[in-house]
Amino acid sequence: MANLEVLRATEEERPILENLLELYIHDFSEFHSVYLGPDGKFGYPDLPLYWLEPDRHPFLARIDGDLVGFALVRQATPIYGDEAVCDIAEFFILRGIRRRGIGTELAQAIWSMFPGPGQVRVMQTNQRAQKFWASAIAKHTGAPIQPVSSEKEGELWSVFSFDSRIE
């Protein structure tokens with residue numbers, strides 16, 4: 001496996017994440033209606049919150065120093081229980097290096113940083129992501145996890161909930 005580094009993005013690296021988010025949202029537009037702003041960018045209004053709110057964590061992924069993707073993680077308090085849930089809010093690997101295990105390695109690195117309850121939400125129309133997350137989670141936990149269907153603002157989602165602690 002390549003030398004993957006997963007590092008918390010600094011405020012100075014925010015422009016890098018803004019650029020990568022444009023690629024991510026462009027890919028996402030295949031499954032969800034998103035529109036360009038008048039500046040020709042999709043934008044991601046919540047990005048500044050990742051340096052303002054303590055429950056948000058921005059990460060950049062690099063292989064041998066080269067950018068390959070990112071993950072935006074939230075630690076949300078669940079309705080029941082005391083532990084915060086590690087929610088991978090956004091996740092992206094460059095298209096040209098997908099299907100090499102790098103995404104799974106990035107996900108496992110994130111779950112290792114936030115052991116405990118985990119959650120991933122995937123649009124049901126995004127079948128490739130459904131398969132990726134089912135496989136990545138099963139590899140991490142050692143067992144397949146069946147997602148629960150959820151509807152939000154007219155969109156159907158699959159929600160994978162699991163414990164990321166490795167025994």
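Our subject in this report is the structure included herewith.

Reading guide: rules and limits
- Every residue gets a number counted from 1 within its own chain, in the order that chain's sequence is written.
- Given that the model is predicted, a residue must reach a pLDDT of at least 70 before its local features are reported, and side-chain atom pairs must reach 80 or more before they are shown or counted; all residues, however, enter totals for whole chains, interfaces and linings.
- The basis for every side-chain value is the complete set of non-hydrogen atoms in the structure, without hydrogens or water.
- Helix and strand labels come from DSSP, where a helix needs a run of H or I of at least four residues and a strand needs a run of E of at least two; each type is numbered from the N terminus.
- Here's how the labels work: a residue is buried when its accessible area is under 20% of the maximum for its type, exposed when over 50%, partly exposed in between, all with a 1.4 Å probe on protein chains only.
- Within 3.5 Å is the distance limit for a polar contact, defined as a pair of N or O atoms, with the added protein rule that one can donate a hydrogen and the other accept it, and that residues adjacent in sequence qualify only through two side-chain atoms.
- Angles here are taken between N-to-C directions and fall from 0 to 180 degrees, while the axes themselves are lines fitted to C-alpha atoms, restricted in helices to the stretch in contact.
- Small angles under 35 degrees read as roughly parallel and large ones over 145 as roughly antiparallel, with 65 to 115 read as roughly perpendicular and the rest as oblique.
- By convention, the crossing between two helices is left-handed when the near helix turns anticlockwise from the far helix through less than a right angle, and right-handed when the turn is clockwise.
- The contact definition used throughout considers only heavy atoms, calling two residues in contact when any of these lie within 4.5 Å.
- Residues are sorted three ways: Asp, Glu, Lys and Arg are charged, Ala, Val, Leu, Ile, Met, Phe, Trp, Tyr, Cys and Pro are nonpolar, and all the rest, Gly among them, are polar.
- The pairing criterion for strands is at least two bridges between them, as found by DSSP.
- Counted as salt bridges are all cases of a side-chain nitrogen of Lys or Arg within 4 Å of a carboxyl oxygen of Asp or Glu.
- Consider the strands pointing away from the viewer: the crossover is right-handed when the path from the first strand over the helix to the second runs clockwise.

Comments concerning the environment of Gln-127
Link 1 in the chain: Note on placement: Gln-127 falls in helix H3 (residues 127-141).
Link 2 in the chain: Given the relative accessible area of 45%, Gln-127 is considered partly exposed.
Link 3 in the chain: From its side chain, Gln-127 meets the backbone oxygen of Gln-124 in a polar contact 2.7 Å long.

Section: the packing of helix H2 (residues 102-113) against H3
Link 1 in the chain: As a packed pair, H2 and H3 sit with axes 10 Å apart at the nearest point and diverge in direction by 55°. What the angle tells us is that H2 and H3 run oblique. Like other packed secondary-structure pairs, H2 and H3 cross with a definite hand, here right-handed. In contact with Gly-103, Thr-104, Ala-107, Gln-108, Trp-111 and Ser-112 of H2, H3 contributes Phe-132, Trp-133, Ala-136, Ile-137, Lys-139 and His-140.
Link 2 in the chain: When grouped by side-chain class, the residues that make up the contact of H2 with H3 number 6 nonpolar, 5 polar and 1 charged.

Things to note about the pairing of strand S2 (residues 56-63)
Link 1 in the chain: Buried residues dominate S2, accounting for 8 of its 8 residues.
Link 2 in the chain: Side chains Arg-56, Pro-58, Leu-60 and Arg-62 of S2 all project onto a buried face; the interleaved residues His-57, Phe-59, Ala-61 and Ile-63 project onto the opposite face, where all are buried too.
Link 3 in the chain: As defined by bridge partners, strand S1 (residues 4-8) adjoins S2 across 5 bridges and the pair is classed as antiparallel. Residue Val-6 lies in a different strand from S2, and its bridge partner there is Ala-61.

A few points about the pattern of salt bridges
Link 1 in the chain: Per the stated rule, a full pass over the model turns up 10 salt bridges.
Link 2 in the chain: Its salt-bridge partner being Arg-14, residue Glu-18 comes within 3.3 Å of it at the nearest N-O pair. Of this pair, Glu-18 and Arg-14 both sit in helix H1 (residues 14-28), 4 residues apart, roughly one helical turn.
Link 3 in the chain: Look at Arg-14 and you get partly exposed, because its relative accessible area is 24%.
Link 4 in the chain: With a closest N to O distance of 3.3 Å, Arg-128 and Glu-30 form a salt bridge.

A word on the pairing of strand S4 (residues 85-93)
One face of the sheet, then the other: side chains in a regular strand alternate in exactly this way.
Link 1 in the chain: Where burial is concerned, most of S4 is hidden: 9 out of the 9 residues are buried.
Link 2 in the chain: Both strand S3 (residues 66-76) and S4 contribute to a ladder of 8 bridges, which runs antiparallel. The partner of Phe-70 across the bridge, within S4, is Phe-92.
Link 3 in the chain: One ladder, built from 3 bridges, connects S4 with strand S5 (residues 117-123); its direction is parallel. Each bridged residue has a counterpart across the sheet, and for Asp-87 the counterpart in S5 is Gln-119.
Link 4 in the chain: In terms of handedness, the path from S4 via H2 over to S5 forms a crossover that is right-handed.

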